[in-house]
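Commentary on secondary and tertiary structure
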Amino acid sequence: MVGYKFMGKAHSHAYKDVGMFFDMDADVVMKAICGRDEEGVKAAADKFGWESYETDWRKLIARDDIDFVDINAPSDAHKEIALAAIAAGKHVFCEKPLALNLADGREMLAAAEKAGVKHGICFNYRFLPAVQLAKKIIDSGKLGEIHHYRATYLQDWLVDPEAPLAWRLKKEVAGSGAHGDINAHSIDLARFLIGEFDRVIGHNRTFVKERPIPVSMSGLSAVGSSEKGEVTVDDATAFLADFKNGAMGMFVASRFATGRKNHNTFEIHGSKGSIRWDLERLNELEVYFREDEPELAGFRRIMATEPEHKYAANWWPTGHIIGYEHGFVHITYEFLQHLATDSPFAPTFADGVRCQEVLEAVDLSIERGAWVSVDEV
């Protein structure tokens, strides 16, 4: 695995726990973790349970005892590491967004397909039981024709203008700001649940133009200096969308939503019913069906912890809720089974590219001040 901080911890936890709760067709052997800072990566290897560590990802990829590579380094490193791993015949699992831009993402996908290696991207929210239930309800036709898809992903960790200039605020490292970081999740959930985008139009804003240059960084946090540097990404991006099935979409992503910590939601309205989900109450799905008797009509809450709910039976008794980290365990299980048995798996690099197409279409629409067809990019 390349990367050992926020996502490195989440992915390591998944590799350690998956075999305890799921019946696997292959053992997980956590061979080596990689990071540039030797002291930091050594400590992570010891704490997270990796057998060894490397400070050069090239050495990691060259090792004969590595079958697949998990990439959760910053976005600017994804392409180079992935292409090298693919060339070495390794399977690749990559954090989102897939790459700094669409061209790089397409190059990664083409290389993986040509080499015949298996590939996946970590859109982990697909794999929560309540989201899986939402998908099942939609596919069953119980919502009827889909009219509206409304998504928000709101955080507030940048409201303080003295919050340091972490790597996620540099376009050359992150690719984009709130748009590529958290709108990417909303875009993928929309594609997973109701289908492909047709056209988009957006606008964005960078509220704080300069921030203290960091002297150290970890995950979403950093320690700043007295010197300031330029913020080169968006703090918030909103866009409207038309879907190819005729539905209308509204998306808002912001790191300036004061009081919202990780408010990832979707609400879907159809001709026969509606559903709503909120990551901060991730075990719950709100549903409404027009066919209900009038005196009983209204939104009701389903706790997706029954054995009939996907993945729930692998954890605890009914009503004993799961958390943020469990989505990583579920996607890890599916990808490892894919490696071991060739079982179907999505999301792949192809899904990462489709997401990147929407992200870049929104950016292009902001430049033009007009609607942009996703197929155009």
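Residues numbered from 1 in each chain as written. Predicted model: local features only at pLDDT ≥ 70, side-chain atom pairs only at ≥ 80, totals over all residues. Heavy atoms only, no water.

Looking at an unreviewed UniProt entry, the protein chain carries the name Gfo/Idh/MocA family oxidoreductase, with the source organism given as Cohnella lubricantis.

Counted by the stated rule, this structure contains 25 aromatic pairs. Centre to centre, the rings of Phe-207 and Phe-256 are 5.0 Å apart; their planes meet at 40 degrees, and the pair counts as tilted. Of this pair, Phe-207 sits in the loop between strand E7 (197-205) and strand E8 (210-218) while Phe-256 sits in the loop between strand E11 (248-254) and strand E12 (263-270), and the two are 49 residues apart along the sequence. Taking relative accessible area as the criterion, Phe-207 reaches 45% and is therefore assigned partly exposed. Between the aromatic rings of Phe-243 and Phe-251, the centroid separation amounts to 6.4 Å while the plane-to-plane angle is 40 degrees, which identifies the pairing as tilted. The pair Phe-243 / Phe-251 is uniform in exposure class, with both members buried. Taken together through their ring pairs, the aromatic side chains of Tyr-149, Phe-197, Phe-239, Phe-243, Phe-251, Phe-266 and Trp-277 make up a single cluster. For the cation-ring pair, Lys-135 lies above Phe-192, with the distance from its terminal atom to the ring centre recorded as 5.1 Å. When the ring centre of Trp-371 is taken as origin, the NZ or CZ atom of Arg-199, which lies over that ring, is 4.0 Å away. (Phe/Tyr/Trp six-rings, centres within 6.5 Å; stacked < 30°, edge-to-face > 60°. Helix = DSSP H or I, 4+ residues; strand = E, 2+ residues; numbered from the N terminus. Buried < 20%, exposed > 50% of the residue type's maximum accessible area, 1.4 Å probe, protein only. Lys NZ or Arg CZ within 6 Å of the ring centre and 35° of its normal.)

This paragraph deals with the domain arrangement of the protein chain. Annotation of the protein chain at the domain level lists domain 1 (6-119) and domain 2 (126-368). Once you take the C-alpha centre of each, domain 1 and domain 2 turn out to be 23 Å apart. Each partner contributes to the interface: domain 1 provides 40 residues, whereas domain 2 provides 43 residues. For the pairing of domain 1 and domain 2, the buried interface totals around 3,500 Å² over both sides, and the portion due to carbon and sulfur atoms is 75%. The interface formed by domain 1 and domain 2 contains three salt bridges. (Domains from an automatic or database assignment. Contact = heavy atoms within 4.5 Å. Buried area = accessible area lost by both parts, 1.4 Å probe. Salt bridge = Lys/Arg side-chain N within 4 Å of Asp/Glu carboxyl O.)

For helix H8 (residues 178-194), spanning 17 residues, the distance from its first C-alpha to its last is 23 Å, which sits close to the expected 24 Å at 1.5 Å a residue. With 17 of its 17 residues buried, H8 lies for the most part within the structure. Once H8 ends, the next one or two residues include Gly-195, with phi positive near 120 degrees. (Expected span 1.5 Å × (residues − 1).)

Moving on, we come to empty space enclosed by the protein. Evaluation of the coordinates by the stated rule reveals one cavity of 30 Å³ or more. Around the largest cavity, the lining residues are Pro-129, Asn-283, Ala-304, Thr-305, Ala-312, Trp-315, Trp-316, Pro-317, His-320 and Ile-322. Its residues assigned to classes, the lining of the largest cavity shows seven nonpolar, three polar and no charged. (1 Å grid on protein atoms, 1.4 Å probe; cavity = no way out; pocket = protein on both sides within 12 Å on 5 of 7 lines; lining within 4 Å. Points joined across faces, edges and corners; volume = space filled by probe spheres on them. Nonpolar A, V, L, I, M, F, W, Y, C, P; charged D, E, K, R; others polar.)

Another point: the sheet that holds strand E10 (residues 236-243). One open sheet accounts for nine strands, arranged E15-E14-E13-E12-E6-E11-E10-E7-E16; its pairing is mixed. Lying at the two open borders of the sheet, with one neighbouring strand each, are strand E15 (300-303) and strand E16 (372-373). Where helix H6 (residues 129-140) meets the sheet, it contacts E12, strand E13 (273-278), strand E14 (284-289) and E15, and its direction lies at approximately 20 degrees from that of E14. Each of E7, E10 and E16 is contacted by helix H10 (residues 349-368), which is oriented at about 60 degrees to E7, the strand it contacts most. (Pairing = 2+ DSSP bridges. Axes fitted to C-alpha atoms, helices over the stretch in contact; angles between N-to-C directions.)

Right, let's talk about the layout of surface pockets for a bit. In this model, the second largest pocket occupies a volume close to 420 Å³. Forming the boundary of the second largest pocket are 19 residues, of which Asp-27, Val-29, Asp-67, Phe-68 and Leu-336 lie nearest the centre. Elements supplying a minimum of two residues to the lining of the second largest pocket: strand E3 (68-71) and helix H9 (324-341). Top contributing element to the lining of the second largest pocket by residue count: H9, with three residues. Within the lining of the second largest pocket, the residues separate by chemical class into 13 nonpolar, one polar and five charged. When we break the lining of the second largest pocket down by domain, the ones giving at least three residues each are domain 1 (6-119) and domain 2 (126-368).

With 104 residues, the main nonpolar core has Tyr-149, Phe-197, Phe-266, Ile-268 and Trp-277 as its most contacted residues. In terms of residues, this core owes the most to one element, H8, which gives nine residues. The two domains that each donate at least three residues to this core are domain 1 (6-119) and domain 2 (126-368). Setting aside its immediate chain neighbours within four residues, Phe-266 contacts Val-131, Ala-134, Tyr-149, Arg-150, Ala-151, Leu-189, Leu-193, Ile-275, Arg-276 and Trp-277. (Core = buried A, V, L, I, M, F, W, Y, C linked by side-chain atoms within 4.5 Å.)

The next point concerns the environment of Ile-268. Structurally, Ile-268 is set in strand E12. Ile-268 gets classed as buried once you look at its relative accessible area, which sits at 0%. Ile-268 sits 74 residues away from Ile-194 along the chain, and the two C-alpha atoms are 9.0 Å apart. Once residues lying within four places of it in the same chain are set aside, the contact partners of Ile-268 are Ile-138, Leu-143, Ile-146, His-148, Tyr-149, Leu-193, Ile-194, Gly-273, Ser-274 and Ile-275.

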